[in-house]
Amino acid sequence: MSVLPAAVVIAPASRRSESGGTRHTVRHGRWFGWTLAGVAFAALALRVAYVLVDRRDVNPMGDAYFYHAGANLLADGKGFIVPWLYPAARLAAAEHPPLYMLFLSVPSVLGMHSVLTHVLWSCLLGTATVVVVGFVGRAVGGERVGVIAALIAALYPNIWAPDGMLQAETLAMFVTMLAVLLAYRYWRRPSWPRLVWLGAVCGAAALTRSELVLLIPFLVLPLALRTRVRSLRDRLVWFAAATLAAVLVIAPWSVYNATRFQHPIILSAQAGALLSAANCDSTYFGNLQGYFDIECTARIDRRELSEHDDQSVEDLVNRRAAFAYVRGHLSRLPTVERVRLQRLVGLYHPSAYVRADVFFDGRDLWVSWAALWSFYGLALLSVAGTVVLLRRPKPHVPLLPLLAPVATVVVTVLATYASTRFRATAEPSLAILAAVAIDAPIRAVVRKIPSSGG
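Residues numbered from 1 in each chain as written. Predicted model: local features only at pLDDT ≥ 70, side-chain atom pairs only at ≥ 80, totals over all residues. Heavy atoms only, no water.

**Comments concerning the pattern of salt bridges**
Defined as follows: One speaks of a salt bridge when a side-chain nitrogen belonging to Lys or Arg is within 4 Å of a carboxyl oxygen belonging to Asp or Glu. Remark: exposure states derive from per-residue accessible area (1.4 Å probe, protein chains only) relative to the maximum for the residue type, with buried under 20%, exposed over 50%, and partly exposed in between.
With the rule as written, the count across this model stands at 15 salt bridges. For the salt bridge of Asp 234 with Arg 230, the shortest nitrogen-to-oxygen distance reads 3.2 Å. Of the residues examined, Arg 230 reaches a relative accessible area of 35% and is grouped as partly exposed.

As structure tokens, this is what we get:
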């Protein structure tokens, strides 16, 4: 990617200046490009070091095993099947959307099937996220904010830890930030092709984590409606075109599932299990309040399903059970929702929060504690960064693209349960807002320094 065009887009005034001003823009663009490249190299080095020191011989469990083994089976031509039942059984699987498994299957197709290969491959993707965060930061607050945001993304445990854990959040963060970057480029120069591309990327995001389909109403729709230079009819047509692009991206997976299962599975067959595990006695009244209890889902499965039922039937049965439980406990729901939000920000029994990350998600204990404490600081800085952006004179950069992933996370947690993994797609937004807050005093000092040139 050429640095000069990007720099000119961010600083259009320089393009209209005298030739000296143009050279100034080029120098600044080169400074940003080279600095961002250095941050990306450091980010990759940190991720690889973490993997080689702490995760080299990791034995993946749960979702991590599903992605790793599933990618190898996919590369071997077995299709999307349940990996822990193969070769005894070859059952169709749609427990997770397919995009991260497809990503992991790339080295598998080339004959590299090991866990270490898949983890290092994910580290490259995590490094790409750092680069995109830098570009988004530049779009929000200039080159210095972009570099600071990239540095935070490179060092912040909640962004680099998933890269060493074979979790789809690695890809989800990248695609979400790519959508945010496209949203800012649309805001600067609205056009229907740019909105269509944004819709397509949001569709791809939904193929990494199902809840990211919410980016369409939370990000694409508001952007379309705020396009004041077009008539309301044009705005709605543009939004319809962007939504169609998202549908076309998702459609091959949904159609493929229609040929394999008894009931439709649009994105994932895990929604029912997720809801039933989050809405039961132990998660409403017990020690797991606001979290999940997989045994709740297991009891429903044992009671109501046979060995011949496929994942679409399981999903339907679990969803019905979850909705029935919620209807029967509506008076308890406000308390549970409050606890879910407290868990989301690490304010409900923090030590239990950390242990849950270690036990269920396979994080190292020291990483979990580092991630929690750094999240507290980053969250406070992100609030300050939000205030800074809101106080800047109009027309200021809109907060909507950065806040859309945060809104998606909050809605997901209120509908299911709180987990550090669920918060992952909002973490880069926090890093960018924190960078704005860090840059604010620097900006104030620089403004007071008299210019040396005429």
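**Here we look at the environment of Met 112**
What counts, and what does not: Counting from the N terminus, the helices are DSSP H or I runs at least four residues long and the strands are E runs at least two residues long. Between two residues, a contact is recorded if the distance between any of their heavy atoms is within 4.5 Å.
Along the polypeptide, Met 112 turns up in the loop between α5 (99–109) and α6 (115–141). The class of Met 112 is partly exposed, set by a relative accessible area of 39%. With 254 residues separating them along the chain, Met 112 and Trp 366 place their C-alpha atoms 30 Å apart. In this structure, Met 112 is in contact with Pro 107, Thr 117 and His 118, ignoring residues within four places of it in sequence.

**A short note on helix α21 (residues 427–448)**
To keep things clear, this is the line we draw: By definition here, a helix of n residues has an expected span of 1.5 Å times n minus one. Here the bend at each residue means the angle between axes fitted to two seven-residue stretches, the one ending at that residue and the one beginning there.
Between the first and last C-alpha of α21 there are 33 Å, a value that for 22 residues agrees with the 32 Å anticipated at 1.5 Å per step. The largest bend in α21 is about 35 degrees, located at Asp 439, with the proline Pro 441 one to four residues further on. Among all positions of α21, only Glu 427, Pro 428, Ser 429, Leu 430, Ala 431, Ile 432, Leu 433, Ala 434, Ala 435, Val 436, Ala 437 and Asp 439 are buried. Packing partners of the buried residues in α21 comprise α6, α7 (143–155), α8 (157–160), α9 (169–188), α19 (365–391) and α20 (400–415).

**Details of the confidence of the model for the protein chain**
If pLDDT is low for a region, its predicted coordinates should not be looked at in detail. Worth spelling out the cut-off: A score from 0 to 100, pLDDT tells how confident the predictor is in each residue.
Overall, the prediction assigns the protein chain a mean pLDDT of 90, with 93% of residues at 70 or greater. Every residue in residues 1–21 scores below 50 in pLDDT, and together they form 19 contacts with partners more than four places removed in sequence or on other chains.

**Comments concerning helix α4 (residues 62–75)**
Between its first and last C-alpha, α4 extends 20 Å over 14 residues, near the 20 Å set by a 1.5 Å rise per residue. Across the 14 residues of α4, ten count as buried, placing the element largely inside the fold. For α4, the full list of buried residues reads Ala 64, Phe 66, Tyr 67, His 68, Ala 69, Gly 70, Ala 71, Asn 72, Leu 73 and Leu 74. Buried residues along α4 sit in contact with α5 and α6. Immediately beyond the C-terminal end of α4, within one or two residues, lies Gly 77, with a positive phi of roughly 85 degrees.

**Focus on the packing of aromatic side chains**
Stated formally: Only Phe, Tyr and Trp rings take part, Trp by its six-membered ring, and two of them pair if their centres are within 6.5 Å. Stacked means planes under 30 degrees apart, edge-to-face means over 60, and tilted covers everything else. Geometrically, a charge over a ring is one whose NZ (Lys) or CZ (Arg) sits within 6 Å of the ring centre while staying within 35 degrees of the ring normal.
If you walk through the whole model with that rule in mind, you get 24 aromatic pairs. Summarising the aromatic geometry, the rings of Tyr 284 and Tyr 325 are spaced 5.1 Å apart at their centres and angled 90 degrees between planes, so their arrangement reads as edge-to-face. Residue Tyr 284 is found in helix α14 (residues 281–284), and its partner Tyr 325 is found in helix α16 (residues 311–328); the two are separated by 41 residues along the sequence. For the pair Tyr 284 and Tyr 325, a shared accessibility class is recorded, and that class is buried. Judged by centre distance (5.4 Å) and plane angle (85 degrees), the ring pair of Trp 373 and Tyr 376 falls under edge-to-face. On the criterion of helical spacing, the pair formed by Trp 373 and Tyr 376 is a turn pair, its members being three residues apart in helix α19. A residue is classified by how much of its surface remains accessible, and Trp 373, at 57% relative accessible area, is exposed. By way of ring pairs, the aromatic residues Tyr 65, Phe 66, Tyr 67, Trp 84, Tyr 100, Phe 103 and Trp 121 are connected into one cluster. Over the face of the ring belonging to Phe 375 we find Arg 423, whose NZ or CZ atom lies 3.7 Å from the ring centre.

**A few points about the state of the cysteines**
What counts, and what does not: Pairs of cysteine sulfur atoms within 2.5 Å are what we label disulfides.
On inspection of all chains with the given rule, the structure shows one disulfide. Residue Cys 280 pairs covalently with Cys 296 via a disulfide, S to S 2.1 Å. Taking the sign of the S-S torsion, about 70 degrees here, the bridge from Cys 280 to Cys 296 comes out right-handed. Here Cys 280 is found in the loop between α13 (271–278) and α14, whereas its partner Cys 296 is found in helix α15 (residues 294–304), with 16 residues between them in sequence.

**What to know about the side chain of Ser 122**
Looking at where Ser 122 falls in the secondary structure, it is placed in helix α6. Under the relative-accessibility criterion, Ser 122 is labelled buried at 0%. Residues in contact with Ser 122, not counting those within four places in the same chain, are Tyr 100, Phe 103, Leu 104, Asp 163, Leu 166 and Thr 170.

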